[in-house]
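Each chain is listed here by its residues.
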Amino acid sequence: MRYQTKKSFPSDFLWGASTSAYQVEGAYLEDGKSPSIIDMYEHPKDTADFKIASDHYHRYKEDIKLFAEMGMKAYRFSIAWTRIIPDGTGSINEPGVAYYRDMIAECRKYGIEPIVTMYHFDLPYCLEEKGGWNNRDTIDAFVNYAETLFELYGKEVRYWLTINEQNTMILHPGAIGLPKGGKLPTKKELYQQNHHMMLAQARVMKLFHTMVPDGKIGPALNLTAMYPATCKPEDAIAAHNWEAIRCWNFADVPVFGTYHPLAFAYMQDRNIEPEILPGDMDILKGANPDFIAMNYYSTATIAASRNDGSDVAARAGDQQIMLGEEGIYRPEENPYVEKTKYGWVIDPVGFRYTLRKVYERYHLPILVTENGIGAPDILEDGKIHDDYRIDFLEKHLEQMKLAITDGVEMLGYCPWSAIDVVSTHQGYQKRYGFIYVDRDEFDLKEMKRYPKDSYYWYQKVIAENGESL
Ligand code: BG6
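Quantities reported herein were computed from a predicted structural model and do not represent experimental measurements.

### A short note on the side chain of threonine 82
For threonine 82, the position within the fold is in helix H4 (residues 81–84). A polar side-chain atom of threonine 82 sits 3.5 Å from a polar atom in the side chain of lysine 33. Every residue in contact with threonine 82, bar those within four places of it in the chain, is listed here: Gly32, Lys33, Ser34, Pro35, Ser36 and Pro124.

Set out below in structure tokens:
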């Protein structure tokens, strides 16, 4: 739809940027922190590990000052469960508590709204050893952790995200590393884990609304609209299959308290549906998220399954993420979109399309908690000319403005990432930040910070509240 006038961004729009604890902090065993699954899993040997990362743990004041100078109105970061409750369920670790208390205060000092993710891939390893999310006890552990966070920070933090990309953890478990021995859970186990996470999340949201009545909480999912490869009806069915299984099944549960019917039929047919105990569905009902947080990177194009053993393929440049499923869907190339150096589809219009679909489905405001382009940025004479990132973000923001004009209620935009972080499995070869961290995969150098060209561009966008987009 073409409009004569585009709507403006709301005056209180949360212009921000994101990081996650294990990808930015470092200090992986410092001040009482215990290892998380990320610290214990196997990762590619030729890229940086997460032990030191961007050393945000020691340099957060310098970093937040730079965020403030860029004009950021919100900073989305995650709290490491392993810093707050190192043994997963027991006593509180004061230095970890103090770290986040100080970080939140530092944000507030500059008028930056902290947006906290409670769990970004980094389950305490001690809980994993007891079965992790296969074990129903982990539900209580998460609720206890959440209650601790709300008690500690509920007065200072208004925006909370429960679990980052539950759908990635369940559908592409290899994306966050491989358990020792390389054995990934079966699909049946994964959907059981998913059910336990859903129960934990619902209990946490209900608890939140009683403990932090003025706050807002939502799930943070990786959402993306699907295109049928052609107008062949079977392609449309396949695209719908994958959209339901990949996206809506994960958002329907927190919002409606029920699994998506098509996705549930798929799970039952393949005998991978979770065991649902009496009372579970009551727990899932009435969680009432206040918004949907959404990570958006690209769209997918989908054709009907051939069901001949050839439907499954690795995502371009990414052996750890497999796409396609026999009898369900197969990934197809989209000739109308470009791709990043890592083979990720670049689709700003798909962003608008996804925002519209999400809003139409859930009628909840949307907070974009990730969006961005990974690239091997180059530091030259103290500058980083990342015009490709400016181009990417600008086009996505233009489409977001159109989505707002379409009637989508937007809370904010927090692209990935505020500062360079370790990519999930491509180290520092693939950077996303507005601020460059001068380190290589293995040579830490001084880790000096350099604002990139995109930093100054975003500064201007924020200052004018996106008016000239
Ligand atoms: C998101 C994750 O899926 O994608 C982030 O929430 C991650 O943790 C981001 O870093 C980009 O992916 P990658 O693999 O390029 O680091």
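### Description of the sheet that holds strand E11 (residues 330–332)
By definition, the strands of a sheet pair up through backbone hydrogen bonds, in either a parallel or an antiparallel sense. Pairing within the open sheet is mixed, and its 3 strands lie in the order E6-E8-E11. The open sheet terminates on both sides in strands that have one partner only, identified here as strand E6 (226–228) and E11. Neighbour to neighbour, the strand axes of the sheet diverge by 50° on average, direction disregarded. Pairing of strand E8 (residues 300–303) with E11 involves 3 bridges; the strand directions are antiparallel. Within E11, the position partnered with isoleucine 302 by the bridge is proline 331. Strands E6 and E8 of the sheet are contacted by helix H10 (residues 233–256), whose axis makes an angle of about 165° with E6.

### Thoughts on the state of the cysteines
All told, the structure shown has 0 disulfides when counted by the stated rule. For cysteine 247, which is in no disulfide, the shortest distance to another cysteine sulfur is to cysteine 414 and amounts to 20 Å. A residue is classified by how much of its surface remains accessible, and cysteine 247, at 0% relative accessible area, is buried. In this model cysteine 414 remains outside any disulfide bridge; the closest cysteine sulfur is found in cysteine 107, 11 Å from its own. Residue cysteine 414 is classed as buried on the basis of its relative accessible area of 0%.

### Section: the site of the ligand
Looking at the ligand, there are 14 residues lining it, with Gln23, Glu165, Thr424, Lys430 and Tyr432 nearest. Glutamine 23 places a polar side-chain atom, nitrogen or oxygen, 2.7 Å from an oxygen atom of the ligand. For the ligand, the protein covers 95% of the area, taking 380 Å² as the surface of the free molecule. Split by residue class, the shell around the ligand holds 5 nonpolar, 6 polar and 3 charged.

### As for the pattern of salt bridges
Scanning all chains against the criterion turns up 29 salt bridges. Across the pair aspartate 252 and arginine 361 runs a salt bridge whose closest N-O atoms are separated by 2.8 Å. Of the two residues, aspartate 252 is situated in helix H10 and arginine 361 in helix H13 (residues 348–362); the sequence distance between them amounts to 109 residues. Aspartate 377 is the salt-bridge partner of arginine 389, the closest N and O atoms lying 3.1 Å from each other. Of the two residues, arginine 389 is situated in helix H14 (residues 387–405) and aspartate 377 in the loop between strand E14 (366–370) and H14; the sequence distance between them amounts to 12 residues. Sharing partners across several salt bridges, the network here consists of Asp377, Asp386, Arg389, Asp420, Arg431 and Lys452.

### Thoughts on the sheet that holds strand E3 (residues 113–119)
Here 8 strands make up a closed barrel; going around it, the order is E1-E2-E3-E4-E5-E7-E14-E15 and the pairing parallel. Ignoring strand direction, the axes of neighbouring strands in this sheet form an average angle of 30°. Alignment of strand E1 (residues 14–18) against strand E2 (residues 74–78), held across 3 bridges, turns out to be parallel. What sits directly across from serine 18, in E2, is arginine 76. Across the sheet, helix H5 (residues 94–109) touches E2 and E3, and the angle it forms with E2 is around 165°.

### A short note on helix H11 (residues 261–269)
Ala263, Phe264, Tyr266 and Met267 are the residues of H11 that are buried. In a view along the axis of H11, the buried residues occupy a sector of 155°, so they form one face of it. Of the exposed residues in H11, the ones pointing more than 90 degrees away from its buried face are Pro261 and Asp269. Next to the buried residues of H11 lie helix H9 (187–211) and H10. Residue asparagine 271 follows H11 closely and has a positive phi angle near 60°.

### Re the environment of tyrosine 428
Within the element layout of this structure, tyrosine 428 appears in the loop between strand E15 (410–413) and strand E16 (435–437). In the structure, tyrosine 428 is positioned 111 residues away from glycine 317 in sequence and 16 Å away in space, judged by C-alpha atoms. Here tyrosine 428 is in contact with Gln23, Ala48, Ala53, Ser54, Asp420, Val421, Val422, Arg439 and Glu441, once residues within four sequence places are set aside.

Reading the values: rules and limits
Residues numbered from 1 in each chain as written. Predicted model: local features only at pLDDT ≥ 70, side-chain atom pairs only at ≥ 80, totals over all residues. Heavy atoms only, no water. Helix = DSSP H or I, 4+ residues; strand = E, 2+ residues; numbered from the N terminus. Polar contact = N/O pair within 3.5 Å; in protein donor to acceptor, adjacent residues only side chain to side chain. Contact = heavy atoms within 4.5 Å. Pairing = 2+ DSSP bridges. Axes fitted to C-alpha atoms, helices over the stretch in contact; angles between N-to-C directions. Disulfide = S-S within 2.5 Å. Buried < 20%, exposed > 50% of the residue type's maximum accessible area, 1.4 Å probe, protein only. Near = heavy atom within 4 Å. Areas by Shrake-Rupley, 256 points an atom, 1.4 Å probe, with all protein chains shown as cover. Nonpolar A, V, L, I, M, F, W, Y, C, P; charged D, E, K, R; others polar. Salt bridge = Lys/Arg side-chain N within 4 Å of Asp/Glu carboxyl O. Arc of directions from axis to C-beta.

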